[in-house]
Amino acid sequence: QAPLEKVLTEDAGLVALNIPAPMDPEGKAVSVTLLDIPTQGAVLDKFGNVLAVGAMLTADELTELHFQTQADVNGDAGYLRYQATDEDGVTAVSSVHLFVDAMNDAPRFNMPDGKVILRYSGQSTTLLDMAVPSDPESTISTVNVIDLPTLGSVTLSGQLLHLNQVLTLDQLQRLTFTLTENVN
């Protein structure tokens, strides 16, 4: 069988490879050995087991393989190369070349829960430990303020923050929160 090329999207998740079963012209049984696997993502059998180089399959099992893309990884994923062998030991080699197209993902804040604990009344002002956003596909240099707390105030260098205000990443790291209301 001729080598195949497949183009997937980065966020595709689990995708059936739909590899045609190798056939022996004399009708003899064919076994398959994986010779190479892609360097990105994972190749899985129909039960969800991750396969490695050297895995032995039946011709039918080859048709049921899937590829699992990796989050935020794109480009040339590499080859799934396999060798088909008939009962007489005659072999043929083929492959599937996988490419993963990038998806423009939303920026992320690497913060576990986004909570700030303020011990009122002994503490009324605290520096906000704001996580810096990251984006695998582009560089982020500013953020836009889209929400503010209903209690207290957020300031930058003593100036109140406002909705839709644009901040540099440095400014994001210098925000303070002051609680002036009695919340007991």
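(A) Looking closely at the sheet that holds strand S10 (residues 125-127). With respect to topology, four strands assemble into an open sheet ordered S10-S16-S13-S14, the strand pairing being antiparallel. This sheet does not close on itself; its edge strands, each paired only once, are S10 and strand S14 (159-160).

(B) Focus on the environment of Ala-29. With respect to the helices, strands and loops of the structure, Ala-29 is situated in the loop between strand S2 (14-16) and strand S3 (30-36). For Ala-29, a relative accessible area of 45% puts it in the partly exposed group. Along the sequence, Ala-29 and Asp-86 sit 57 residues apart, while their C-alpha atoms lie 5.8 Å from each other. Excluding residues within four positions of it along the chain, Ala-29 makes contact with Thr-85, Asp-86 and Glu-87.

(C) Quick look at the nonpolar core. By size, the foremost hydrophobic cluster in this structure holds 19 residues, and its most contacted members are Leu-65, Phe-67 and Leu-80. If you list the elements that add at least two residues to this core, you get S3, strand S7 (75-86) and strand S8 (91-101). Ile-140, Val-143, Val-145 and Leu-172 belong to the second largest nonpolar core, which has 13 residues in total.

(D) Fine view of the packing of aromatic side chains. Tallied over the full model, the rule gives zero aromatic pairs. Lying across the ring of Tyr-79, Arg-81 places its NZ or CZ 4.1 Å from the centre.

(E) Structural context of the sheet that holds strand S6 (residues 66-68). The strand order across the open sheet built from three strands is S2-S6-S4, with neighbouring strands paired in antiparallel fashion. Because the sheet does not close on itself, it has two edges, and the strands there are S2 and strand S4 (42-44). Within the sheet, the average angular offset between the axes of one strand and its neighbour, ignoring direction, is 30°. As defined by bridge partners, S4 adjoins S6 across three bridges and the pair is classed as antiparallel. For Leu-44, the partnering residue across the bridge sits in S6 and is His-66.

(F) Spatial organisation of the pairing of S3. Pairing geometry for S3 and S7, over six bridges, is antiparallel. Directly across from Leu-34, in S7, lies its bridge partner Tyr-82.

Cut-offs used in this document
Residues numbered from 1 in each chain as written. Predicted model: local features only at pLDDT ≥ 70, side-chain atom pairs only at ≥ 80, totals over all residues. Heavy atoms only, no water. Pairing = 2+ DSSP bridges. Helix = DSSP H or I, 4+ residues; strand = E, 2+ residues; numbered from the N terminus. Buried < 20%, exposed > 50% of the residue type's maximum accessible area, 1.4 Å probe, protein only. Contact = heavy atoms within 4.5 Å. Core = buried A, V, L, I, M, F, W, Y, C linked by side-chain atoms within 4.5 Å. Phe/Tyr/Trp six-rings, centres within 6.5 Å; stacked < 30°, edge-to-face > 60°. Lys NZ or Arg CZ within 6 Å of the ring centre and 35° of its normal. Axes fitted to C-alpha atoms, helices over the stretch in contact; angles between N-to-C directions.

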